[in-house]
Amino acid sequence: MLTLVAGSSCAPGAAPIGPPPAVTTGAVCEDADAALNRGLAGTAEQLYRSHLPKASSADTVSPVSTSPVVIPACITVGLEAVRTRRVEARAAIAAGDRARETGRYGLARQWYLKAQRWDVDSEQAVTGLTSLARIERTQGSAALSDVWLPLAGRLIADLATILVVIFVAVRVVANFVVPPRTKKDPMSTRHAWLATSMVFIGALVFAIARAGYLRTTDTGFRILISSGIAILCGTFLLALWSGRRLAVQVEVRTEQEEANTSATAYLAARLAGLGGGRPEGLLRLKGTDVTALPADAIGELPPGRFAQALIKLTLALVPVVPWRIVATEGPGGVVTVDIRRNYRSVELILICPSDISAPDDDRETRRQAMLTATAAKTLLCLGEYYPQLTDGLCGATRWRSLARQVLATEPVDTPPTHRRRLLAEAVEADPGNLAAWYAYLVWTAVDEPEAVGAGRGAAVRFDALYLTATAEQRVSDGYLALIVRILYSSTAAWLQHWQALPTGSAEARNAWRHAAASSHAMTTTVARALNGQPRGLKEFATDVLPLTTDLAENFHSDDRGTNTCPWLDDAEIHLQSLLSRSLSALYVHACKCVRAGRRPEALDALGLAIGLDRQRAGAQRDPAFSPIAKTTQFRKLTLTDLPSSRRQRLFRFVSRTRIDTSG
């Protein structure tokens, strides 16, 4: 406490009081100041108080002070400094206790030592240092179990809780920032890593603050605010990335709403084969030429109810798979396909067995056909939002056509009549599916050559299909494999026609020029495919290169004249327009051509239209064809049976490396 200086009143007749003697304050407080600087706060306080001036004996006897008491200024300042040092020492001890409780022993030691520098006699600082020494002596299993594990467990629990909340927020935000029908490109992996880093670092800072590792100072508040902003920005970026990501989860359920593991595996494999395989087949294509669907983009639920429930819960909390395809088998073999994106419906369709399978198919064949149709629908639906998946579909836009094309071209044991029906229905369902058109023309040229006019007829139809495929700048990498097949078939058909003609005739020389032009275009296309971007396309080009090279070695550069690709003569130019119509439209066009007197064009259109059995049978009774009903070609086209003698082996010269052109 500070001592106030009081002046005495002058009594009458009293002698006047002179000024107090001078006091040398520096000399008085030197020993106390030195003790305070050494951290001896208690000793310094005693010394300061010992230098306080004492009252005289007269003052102690008389209640009225007759002489003033002057306190040196250094004592007042010194006592205040002692009080401040003790306050600071207690604050340092409190900070050390907090650091020790949270496992930051080095920082706690620094605080305790600082408190001792300010107050050596502090028992609390000694107690803190003693506890630290005891922890160091027992460092090991006891310290790990008693100190580190609780601290680490609390930090990990807080971090996990914050991350779960953030992921749920990402799922909710993705539903709003990525509508089901959005067609924006997916974000790159770099953005995903950036967003994840922002979210994780922000969540870690909040977990540290919650666990008591972050002091609530101005700097601490600024760190928390910056972390909150990082979490908000990262959550938004993660929502955009996860909502636009190309990732699909497929599931097949039975009529009793139970997961069908084997059917789910088949659907996942079928979808992966259609969208992420590689072009296969040179003479006869297999599946599709799509290569852009990543192998890790398709997921399926594991067997076991508990594992499935756990995976569903995880996917509900962690938004990494935006697309979900659920195919539910219903009564009568009907399959309901529910396509969802970010848990919001995109499309719901019904697939009936009559849409895709034959009436005499067994149950397992019908189920595989239905799952193939589901995969085709899924691929086309994804292609609407990810344009890279349309490269390799070769113009297919309808799932019925794509599914029938796949079913007709993949199984090797498919009966010819069933294959013909599937391919004809594929072209009928989607005339723009050039891959289906190619497979249909190959089947027609091999199994029913009269429908296309034998050798030359097949060749010019392949040339017309080539011109259709390369029209309107449709020469992306997705079409290259199909164009190679078309040109190979064109070269083969022209050579077969050339072999059937008299040697040296004008028609034979013309057929040779056509074959040379097709071979040159094929070689150029294979070279382009070798330099293409998709890996699967390069592998296809590498596989077919020996065959195409052997075939091209039969020609010289002057054999094709000035032609570098297939062309159509004036009398056959109409074929290109025929290959852009459905088979039903071709039937109607044939009727119109008969009435207009264009019989060759009518027979060309009818030869393509009779792939549908109902149109083959209908043409026999249709009065519109009465003007040509008695012609030999019409009667060959409308025969309902296909004797084996009518079939021929197209491309029978393929095994030869050289063709004898002498004579």
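Residues numbered from 1 in each chain as written. Predicted model: local features only at pLDDT ≥ 70, side-chain atom pairs only at ≥ 80, totals over all residues. Heavy atoms only, no water.

Caption draft 1: Main features of the pattern of salt bridges. Applying the stated criterion across every chain yields a total of 22 salt bridges. Its salt-bridge partner being Glu425, residue Arg421 comes within 3.1 Å of it at the nearest N-O pair. With Arg421 and Glu425 both in helix 15 (residues 416-429), this residue pair falls four residues apart, about one helical turn. For Arg535, the salt bridge is made with Glu539, and the minimal N-O distance between the two is 3.3 Å. Taken together, the residues span about one helical turn, with Arg535 and Glu539 both in helix 20 (residues 535-552) at a distance of four residues. By relative accessible area, which is 67% here, Arg535 ends up exposed. By sharing partners, the salt bridges in this structure join Glu251, Arg253, Glu257 and Arg324 into a single network. (Salt bridge = Lys/Arg side-chain N within 4 Å of Asp/Glu carboxyl O. Helix = DSSP H or I, 4+ residues; strand = E, 2+ residues; numbered from the N terminus. Buried < 20%, exposed > 50% of the residue type's maximum accessible area, 1.4 Å probe, protein only.)

Caption draft 2: Here's a closer look at a nonpolar patch on the surface. Together, Val164, Val168, Val172 and Phe176 make up a nonpolar patch on the protein surface, roughly 360 Å² of accessible area in all. Looking at the secondary structure, you find Val164 in helix 7 (residues 141-177). Owing to a relative accessible area of 38%, Val164 belongs among the partly exposed residues under this scheme. (Patch = residues over 30% accessible without salt bridge, like charges linked within 9 Å, V, L, I, M, F, W, Y side chains within 5 Å. Areas by Shrake-Rupley, 256 points an atom, 1.4 Å probe, with all protein chains shown as cover.)

Caption draft 3: The environment of Gln499, seen in detail. By the secondary structure assignment, Gln499 is in helix 18 (residues 477-499). Residues Gln499 and Trp512, spaced 13 residues apart in sequence, show a C-alpha to C-alpha distance of 9.5 Å.

Caption draft 4: Spotlight on the pairing of strand 3 (residues 323-329). Strand 3 sits mainly inside the fold: six of its seven residues count as buried. Sheet topology note: the strand 1 (residues 248-253)/strand 3 ladder contains six bridges and is parallel. Residue pairing in the sheet places Val250 in a bridge with Ile325 of strand 3. Here strand 3 runs beside strand 4 (residues 335-341); their pairing, made up of seven bridges, is antiparallel. Residue pairing for strand 4: Arg324 is matched across the bridge by Arg340. From the end of strand 3 to the start of strand 4, which pair antiparallel, there are five residues, and Gly332 there has a positive phi angle of about 75°. (Pairing = 2+ DSSP bridges.)

Caption draft 5: Structural detail: unusual backbone geometry. Phi is positive for Asn342, close to 55°, though the residue is something other than glycine. Residue placement: Asn342 occurs in the loop between strand 4 and strand 5 (344-351).

Everything listed here is a matter of geometry and, on its own, says nothing about what the molecule does.
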